[in-house]
Amino acid sequence: LIVTCPALASESSPRDPASAEVLFREGRSLVDLGNYAGACPKFAESLRLDYAPGTLLNLADCEEHTGRIATAWAYFNDLSTELPPTDERQPMAVQRANALEPRLPHLTVRSRAGLPVGVKVTRDDVELGRASLDQALPVDPGMHTVVVSEGGRERSRVTIEVREGQSRVMAVDDGASSTGNPSRTAGWI
């Protein structure tokens, strides 16, 4: 699973380039003041209102400065493939993505015996499909919550911290038994 840009506007989304420009300028002003935490939401909203590679580049840089290195890495990768080789920003995007890669934390959510139909696993409110299980996926450093649910009912919730450059593995039970202690449904390896 590669972190994708949820802020990217699809072609069918309404555009508002004037508002996007104002937000972009506010983001740049905040960056000039060293306020990356305030600038990132401005760039993200600007990008949502009117997609522009330069805005994505600024958002990627901002995310890196706030410690969201997996998110920044994904944005730099997106730029590196989107921009033509003749664009001066393309090699810089490749270099920045490559520099972040060894720092990426990874979290693997293991399914011990495969999950039965109806059991859902989410990490930080994002559903993990079966193909995402048992894969070391990049995550931003920090706390991550994995929830196993079935039929809309939460079976377990486990929070795990993953630090920069660290790989962690978390196992979830297959959910085959609905009896027993629900706090044992998920565990750490």
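Shown above is the structure to which this text applies.
Worth saying up front: this structure is predicted, and the values here are computed from it rather than measured. (Residues numbered from 1 in each chain as written. Predicted model: local features only at pLDDT ≥ 70, side-chain atom pairs only at ≥ 80, totals over all residues. Heavy atoms only, no water.)

All right, on to the overall build of the protein chain then. Helix and strand content of the protein chain: 5 helices and 8 strands. Listed by position from the N terminus, the elements making up the protein chain come as α-α-α-α-α-β-β-β-β-β-β-β-β. The burial tally for the protein chain puts 43% of its 189 residues in the buried class. Across the protein chain, the fraction of contacts at a sequence separation of at least 24, relative to all contacts at a separation of at least 6, is 57%. About 10100 Å² of surface is accessible on the protein chain, with carbon and sulfur atoms providing 51% of the total. (Helix = DSSP H or I, 4+ residues; strand = E, 2+ residues; numbered from the N terminus. Buried < 20%, exposed > 50% of the residue type's maximum accessible area, 1.4 Å probe, protein only. Contact = heavy atoms within 4.5 Å. Areas by Shrake-Rupley, 256 points an atom, 1.4 Å probe, with all protein chains shown as cover.)

One pass over the structure, following the stated rule, counts 15 salt bridges. Across the pair R28 and D32 runs a salt bridge, and its minimum N-O distance is 3.7 Å. You can see R28 and its partner D32 sitting in helix 1 (residues 17-32), 4 residues apart, about one turn around the helix. Overall, the relative accessible area of 29% leaves R28 in the partly exposed class. The salt bridge involving E150 is made with R155; its shortest N-O contact spans 3.3 Å. (Salt bridge = Lys/Arg side-chain N within 4 Å of Asp/Glu carboxyl O.)

All right, on to the pairing of strand 5 (residues 142-150) then. In the sheet, strand 2 (residues 119-123) pairs with strand 5 via 5 bridges, with the strands oriented antiparallel. Across the sheet, residue T122 finds its bridge partner in strand 5, namely V147. Both strand 5 and strand 6 (residues 153-162) contribute to a ladder of 9 bridges, which runs antiparallel. The partner of T145 across the bridge, within strand 6, is T159. In sequence, strand 5 turns back onto strand 6 through a hairpin of 2 residues, with G151 there showing a positive phi of about 60°. (Pairing = 2+ DSSP bridges.)

Contact pair helix 3 (residues 53-65) / helix 4 (residues 69-82): the axes reach a minimum separation of 8 Å and the direction vectors enclose 155°. On the basis of their axis angle, the class for helix 3 and helix 4 is roughly antiparallel. Of the two possible hands of crossing, helix 3 and helix 4 adopt the one that is left-handed. The residues of helix 4 that touch helix 3, namely those facing P53, L56, L57, L59, A60, D61, E63 and E64, are T71, A72, Y75, F76, D78, L79 and E82. (Axes fitted to C-alpha atoms, helices over the stretch in contact; angles between N-to-C directions. Parallel < 35°, antiparallel > 145°, perpendicular 65-115°, else oblique. Left-handed = near helix turned anticlockwise from the far one by under 90°.)

A separate point is the side chain of E63. Turning to its location among the elements, E63 is positioned in helix 3. If near-sequence neighbours (up to four positions away) are discounted, E63 is found in contact with C40, R68, T71, A72 and Y75.

For the coordinates displayed, the defined rule picks out 1 disulfide. Two residues share a disulfide in this structure: C40 and C62, whose sulfurs sit 2.3 Å from each other. Handedness of the C40-C62 disulfide follows from its S-S torsion of about -120°: it is left-handed. Within this pair, whereas C40 is found in helix 2 (residues 36-49), its partner C62 is found in helix 3, the two being separated by 22 residues in sequence. (Disulfide = S-S within 2.5 Å.)

This part is about the packing of aromatic side chains. In this structure the tally under the stated criterion is 1 aromatic pair. For the pair F24 and F43, a centre-to-centre distance of 5.6 Å together with 55° between the ring planes defines the contact as tilted. Within this pair, whereas F24 is found in helix 1, its partner F43 is found in helix 2, the two being separated by 19 residues in sequence. (Phe/Tyr/Trp six-rings, centres within 6.5 Å; stacked < 30°, edge-to-face > 60°.)

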